There are 2 protein chains.
Amino acid sequence: MTGIEDYTRQYGLVRKIDAYGYLDYLKTHPEAPRKHGKIVLVTADTPLKASRGEGKTTTTIALIDALRARGIDATAVLRQPSMGITAAGSKGGASGGGKASLTHPELIDWGLCGEMAAIEAAQNLLVSFAEKAVDEGKLDTVLVPRVSEVPSRSLRKITVDAGKNNVAERVVLTPTCELMQIVVLSRSMDEIAERVAAMIAGTKDGKPVKFGEFTDLWRITGILGDAVKPALTETVNGSPVYVHGGPFANVSIGIPTLVSVELACALHDVVIVEAGYGADAGAQKWLDIACREYGAQWPSAAVVVTRATTWRDDPALQWRYPFHVQRLEGLNIPTFPLINLWSGEDDQIDSLRATAKDLKFRDPIIGNLFRDGGEALAPQLDAFVDVLGIGDGKAPASPASHKGMPLIDDIRWVAGNAYGVPAERVVKRDGFDESLAEAEQLCADAGFSLNDLALVAVKSPATMTDNDSAPADERTVTLKKVEVHAGAGLVQVNLTTSLTTPMPKIV
Amino acid sequence: MTGIEDYTRQYGLVRKIDAYGYLDYLKTHPEAPRKHGKIVLVTADTPLKASRGEGKTTTTIALIDALRARGIDATAVLRQPSMGITAAGSKGGASGGGKASLTHPELIDWGLCGEMAAIEAAQNLLVSFAEKAVDEGKLDTVLVPRVSEVPSRSLRKITVDAGKNNVAERVVLTPTCELMQIVVLSRSMDEIAERVAAMIAGTKDGKPVKFGEFTDLWRITGILGDAVKPALTETVNGSPVYVHGGPFANVSIGIPTLVSVELACALHDVVIVEAGYGADAGAQKWLDIACREYGAQWPSAAVVVTRATTWRDDPALQWRYPFHVQRLEGLNIPTFPLINLWSGEDDQIDSLRATAKDLKFRDPIIGNLFRDGGEALAPQLDAFVDVLGIGDGKAPASPASHKGMPLIDDIRWVAGNAYGVPAERVVKRDGFDESLAEAEQLCADAGFSLNDLALVAVKSPATMTDNDSAPADERTVTLKKVEVHAGAGLVQVNLTTSLTTPMPKIV
C-alpha cells in the first residue's frame, strides 16, 4: 500500500515531503485513508514593533505539545524564518523558545534546506531573462525587482549597468517577492509554471509583456525542484511540525504554503497554522486571501496571543487586542485569548482573567510557555478542544470571494473590518489615483481586470492605521500606491503613513 | 566501532558527509582503519572556448567505472557545477554525459543541497557587515565584492545607495569569491573563521581593516553549517563520486575542496581529482597552489583529455596539447593522453595513435565515452594502473613551497613553466606596477608580506598567452593587475590580454 513514507525523504536533520505528489495520490485514490484535520489559526496582538514578537511560534509549539499530551493528533505548520534577517541580527529566529522549541532551531533559522535560496535564485534569474529581453528589444522596462535574503540598507536603490545605461532598479528581501507568493499559493509545479508565465516582466511601448512570452519556464521550475517540498521537523517533545514558505506578513501574504497546510490536514486531526505578525496582518491574509480567494480551509478556532504588557501597558493602544479578538469572533471563529507570560508575571494571572471577563472574552489561556512549554497549557484546553469538532469530517465554509469587487471598495472593506476605520476616513495620498489608474490600465492591457486580483495590504507590522494611538473616531488609513503581481493573482496596496522597509539595514 | 556511516547523512537523493568530523576522528584515532588513496589528476587540453569542454567529467566518470570494473576501489571528486550558469544556459552542466553520467544530473547541476547558495549568502552578509562598518565610521571603502550565482550582465558595475551616496560596487559570480576559496582550502570550521577574520574588508584612512575587527564570525560560520559537508552521489553504474566546492579555474582556484579529496583518499584506493578547464588552469592550480602551498597530495598520475578536433584541427594551436602532456611528465607525473571521441570519429583511432607515437607520448587511451562509458576504457588501463602503486601506502612528495618568492618572480615562473613564455616576454601593462605596489603596501599595513600569498593566475580559460596562435618565440604574457585575498592566503593576478568576464550575460 502506498503511504506518506513513499513521498518522504530524509534531508539532513529534517525530512522533506513531496506534498504535490502525495496530495495528487489522495485525489486520484479516493479509497486511500486520510484525515480531515481542523485548522486553528494562531495569530497575535499587533506588535509594538516589528522586532518584538508576542510569542506566536512559542505558543504554537506549546499548543501542539499540549494537545498531543491530551491524546490528540495535532501538528503545526510554520513559515520558514528568513535566514538573512536572523543572521544579520535584525530579528530573533522563529523556532520557539525554551521548553516550546523545535529540535534544530539553528537549522530552521539558518536556511533550512535551501528553499529560500532557490526562490531567490529563480526570481533573480527571471530578472536576468528580462535583462536579456531588453537587450533583444522585447522589453523597454523591467518591473520585477531583484531579491536578496541578506539585508543590505544600500541595496534599497541601486543602479545597474553603471557608467553605461545607469538603469535604476530595486532589490527587495527574498521572502517578499512575487515568486515566493506563487510558491505559497500554488498546488502543483504546473501551476507554478503557469503563474510565472503570467507574471508581468515589464513593458514594451507601454504595454505589459509577460514572462511566458520569452522565458524558458523549465529553467525556473528546475531551480525550484526541492524548494516546493515542505520540511518536517519536530518539537523538543517530539511533536511534528511542518515548515514551508516564508513570506512576510506586513509586505506580503505572511502565511505558510497552502499545500503544506493541506498535507498536514490529510495526516493529522488538528492543524495549527501560524500567520505572521498581528491579526491585522497574517490572520487577515489567511482569511481574506487564502480562504476567501484560494480555497484554503476556514479556521475552526483561533488563538490570539499577546503579552500582558502589549495588551495593557499603553492606554492609547489597549483597544487593539480586544478589537482583534472580537473581530474574529464576529466572523464566527471561536477565538481564545492566550497570554504568554514572561518571567516575574505569574502574579498577574488573576488580574488578567478579570480583564478578560470585563471584555466578555472566552476564558483566556495563560502560561509562561518559555519556562513551562505545553505543560502549562494542557489543563486549560477543555473549551478549546470542544469547539474543534475533531473527527467530524466537516470543515467550516469560507465567506464569498471578493473577486470582481472594485479594488477601492475592497480596500475600504479591509480598513473597516480589519482595522476599524470607516470608508470616509480612508484617504488617498497624492499620486494614489494615478497609481491605481496605471495598474488598472496595465491589467486591462494584459487581458484581465485588476478587480479580479486579491488585495494584499502592505503596511508596517506595528500599526493598522496612520496613528493607532489617535482616538477611535480620528483614525485614518492613507492609501499610497498600487502594484500588480499578476502571476500570483495579487494586487499589493501600500497603506497607512507608517513606513515599510523593503530592505532593512543590519543591526 | 565508529565508521564513516556515523558521519554520513541522507540528504534527499544524495548523502552528505561531515568530512571535518571524520578526518578529525582519524587524526585522533591512529588505530582506526583507513586507506591511503593515490591521486590521479584529470585535466585537459586548453579549450577552444569556455563553453566547449573536452569531456573531463565524462572521462572522470568513465575512468572510475572502468577501474571499478577491474576490481579497483576508485572514486572521483568533482567540483559542484554553477547552477546559475547552467540554469541561464551559458554552459552545459558538469555531470558527465551518456553512459558516463551521474545518476542525478539535474540535482548536481541545479544547486545540489544549497552549498553554493549558503556561500553566496555568507559572502553577501560580509558585505552587509562592511556597509554597517562604513555607517559606523570604521571603514571608508569596501574591497569585498557582492556575489550572485545567477549571471546578469548588468551587474558587472553597479551603484548602490543610488541617489544618495552612489557607491560604486562590483558583483561577481559566487564560485569566484574569496569565501569560496576559503571553503575550498580550509580543513576545519575554526580555520574558516580564522580566514574570514583575516579577510581585508576595506580600508580606513587608507589602512586595511579586517573582518575580524568588527564581524560576528559565528553568523558566517552558522550559515556555512551544511555547506562545508561534501556530497556523495554516484555514477549510473554505482561508482561513488564526491562533489564539493565550486570555484572556477580561470578566475579562481578551480579545484574541489581539499577535505573532500582527503576524505576520499581515506576511503578509497584511487581518487580521481578533476581540475577545471585546461592543464594551464585547474591542473596548474592543483599542483602549484593545493599541493605546493596547502599540503594536498601530489598526483601519482595525470590524464590529459582532449578531443581529436581540439588537438589537431588548428595548426596554430596544435602545440598546446603536447605542451601540457610534456610539462606534466617533466614534473615526474606519469601522464596519459586520453582522446574523447565523438560520434563518427572511430576511424581516426589509428591516426591518433600514430600522432601520439610521433610525439613520444605514452600510449593514448581512446574511446567514445558518451556512447560506451567505462567499457571503452577498461581494457586500455594496464599501464595506467601499473604506475599508481595502489596500496603501497606511499604518496609522492610535492615540490618546495614558493612562499617568500617575490610575486613577480613567481608570475614569471608560472609563465615559463605552465605557459611556455620566458621571463623577457612577460610584459606589464600600464598601471600594473602601481597595482602591485598598492597590494604590497596593503599587505605590509596588514602585517604580512604579499610574497607569502599563493599566486592565482586570472585569465581567459581559452588562452595561456596574449595570443596562443602566434609563433612560439613571439608569444607574450601581459600582466594587468593584482588583487589580494588575504583570508584565503592568495593573490590574484590578472594576466594575458584576453578578457575575463566576472559576470557573464545569459544566453
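Quick caveat: nothing in here was measured; it's all calculated off a predicted structure.

### Digging into the domain arrangement of chain A
All names here are of chain A.
- Each assigned domain of chain A is listed with its residue range as follows: domain 1 (4–114 + 226–388), domain 2 (115–223) and domain 3 (407–495).
- Placing the centre of domain 1 and that of domain 3 at their C-alpha centroids yields a distance of 27 Å.
- Of the residues lining the interface, 25 residues belong to domain 1; the matching set on domain 3 comes to 24 residues.
- Counting each side, the surface lost to burial between domain 1 and domain 3 is near 1,900 Å², with a carbon and sulfur contribution of 61%.
- Three residues, Asn250, Asp280 and Trp319, lead the burial of domain 1 against domain 3; their summed loss comes to 27% of the area buried on that side.
- Taken together, the links from domain 1 to domain 3 amount to two salt bridges.
- Between Arg320 and Asp468 there is a salt bridge whose closest N-O contact spans 2.6 Å.
- Across the contact surface, domain 1 and domain 3 share 10 residue pairs in polar contact (both at pLDDT 80 or more).
- For the side of domain 1 that touches domain 3, the secondary structure elements donating two or more residues are helix 10 (279–294) and helix 12 (320–330).
- The element best represented in the side of domain 1 that touches domain 3 is helix 10, accounting for eight residues.
- Class assignment of the residues belonging to the side of domain 1 that touches domain 3 gives a composition of 12 nonpolar, five polar and eight charged.

### Overview of the state of the cysteines
All names here are of chain B.
- Tallying each qualifying case throughout the model produces zero disulfides over all chains.
- Here Cys177 is not disulfide-linked; the sulfur of Cys113 is the nearest cysteine sulfur, at 19 Å.
- Here Cys177 falls in the buried class, since its relative accessible area comes to 1%.
- No disulfide involves Cys443; its nearest neighbouring cysteine sulfur is the one of Cys177, lying 19 Å away.
- Assessed through its relative accessible area of 0%, Cys443 is described here as buried.

### A look at the relation of the copies chain B and chain A
- Turning chain B through 180° and shifting it by 0.0 Å along the axis lays it on chain A, with an RMSD of 0.0 Å. On this basis, the relationship between the two copies can be described by a two-fold rotation axis. When C-alpha positions in chain B are compared against the rotation axis, the closest is assigned to Tyr11 of chain B, at 1.9 Å.
- Mapped onto chain A, 98% of the interface residues of chain B again fall at the interface, so both copies present the same surface.

### Quick look at helix 9 (residues 258–267) of chain B
- With nine of its 10 residues buried, helix 9 of chain B lies for the most part within the structure.
- Turning to helix 9 of chain B, its buried residues are Leu258, Val259, Ser260, Val261, Leu263, Ala264, Cys265, Ala266 and Leu267 of chain B.

### Observations regarding the pairing of strand 4 (residues 74–78) of chain B
All names here are of chain B.
- Judged by how many residues are buried, strand 4 sits mostly within the fold: five of five residues are covered.
- Across the two faces of strand 4 the burial is the same, with Ala74, Ala76 and Leu78 and Thr75 and Val77 all buried.
- With four bridges joining them, strand 4 and strand 15 (residues 270–274) adopt parallel strand pairing. Note on strand 15: the bridge partner recorded for Ala74 is Val270.
- As judged from the three bridges shared by strand 4 and strand 14 (residues 240–243), these two strands associate in the parallel manner. Among the inter-strand pairings, Ala76 is bridged to a residue of strand 14, identified as Val241.

### Topic: the interface of chain B and chain A
- With 44 residues of chain B at the interface, the matching set in chain A holds 43 residues.
- Of the roughly 3,800 Å² buried at the junction of chain B and chain A (both faces included), carbon and sulfur atoms supply 58%.
- Its salt-bridge partner being Arg153 of chain A, residue Asp161 of chain B comes within 3.1 Å of it at the nearest N-O pair.
- Linking chain B with chain A are 25 residue pairs in polar contact (both at pLDDT 80 or more).
- Those elements that provide at least two residues to the side of chain B that touches chain A are strand 1 (8–11), helix 3 (83–88), helix 5 (115–135), strand 9 (157–160) and helix 8 (217–223) of chain B.
- The element that contributes the greatest number of residues to the side of chain B that touches chain A is helix 5 of chain B, accounting for 10 residues.
- With three bridges connecting them, strand 9 (residues 157–160) of chain A and strand 9 of chain B associate as antiparallel partners. Note that in strand 9 of chain B the partner of Val160 of chain A across the bridge is Ile158 of chain B.

### Regarding the sheet that holds strand 21 (residues 477–485) of chain B
All names here are of chain B.
- Judged by pairing direction, the sheet is mixed, and its four strands sit side by side in the order 19-21-22-20 without closing on themselves. Across the chains shown, the open sheet's two edge strands, defined by having one partner strand only, are strand 19 (426–428) and strand 20 (454–458). If you compare each strand with its neighbour and ignore which way they point, the axes differ by 40° on average.

Each value, and the rule that gives it
- Residues numbered from 1 in each chain as written.
- Chains lettered and ligands numbered in written order.
- Predicted model: local features only at pLDDT ≥ 70, side-chain atom pairs only at ≥ 80, totals over all residues.
- Heavy atoms only, no water.
- Domains from an automatic or database assignment.
- Contact = heavy atoms within 4.5 Å.
- Buried area = accessible area lost by both parts, 1.4 Å probe.
- Salt bridge = Lys/Arg side-chain N within 4 Å of Asp/Glu carboxyl O.
- Polar contact = N/O pair within 3.5 Å; in protein donor to acceptor, adjacent residues only side chain to side chain.
- Helix = DSSP H or I, 4+ residues; strand = E, 2+ residues; numbered from the N terminus.
- Nonpolar A, V, L, I, M, F, W, Y, C, P; charged D, E, K, R; others polar.
- Disulfide = S-S within 2.5 Å.
- Buried < 20%, exposed > 50% of the residue type's maximum accessible area, 1.4 Å probe, protein only.
- Least-squares fit on C-alpha atoms with pLDDT ≥ 70 in both.
- Pairing = 2+ DSSP bridges.
- Axes fitted to C-alpha atoms, helices over the stretch in contact; angles between N-to-C directions.

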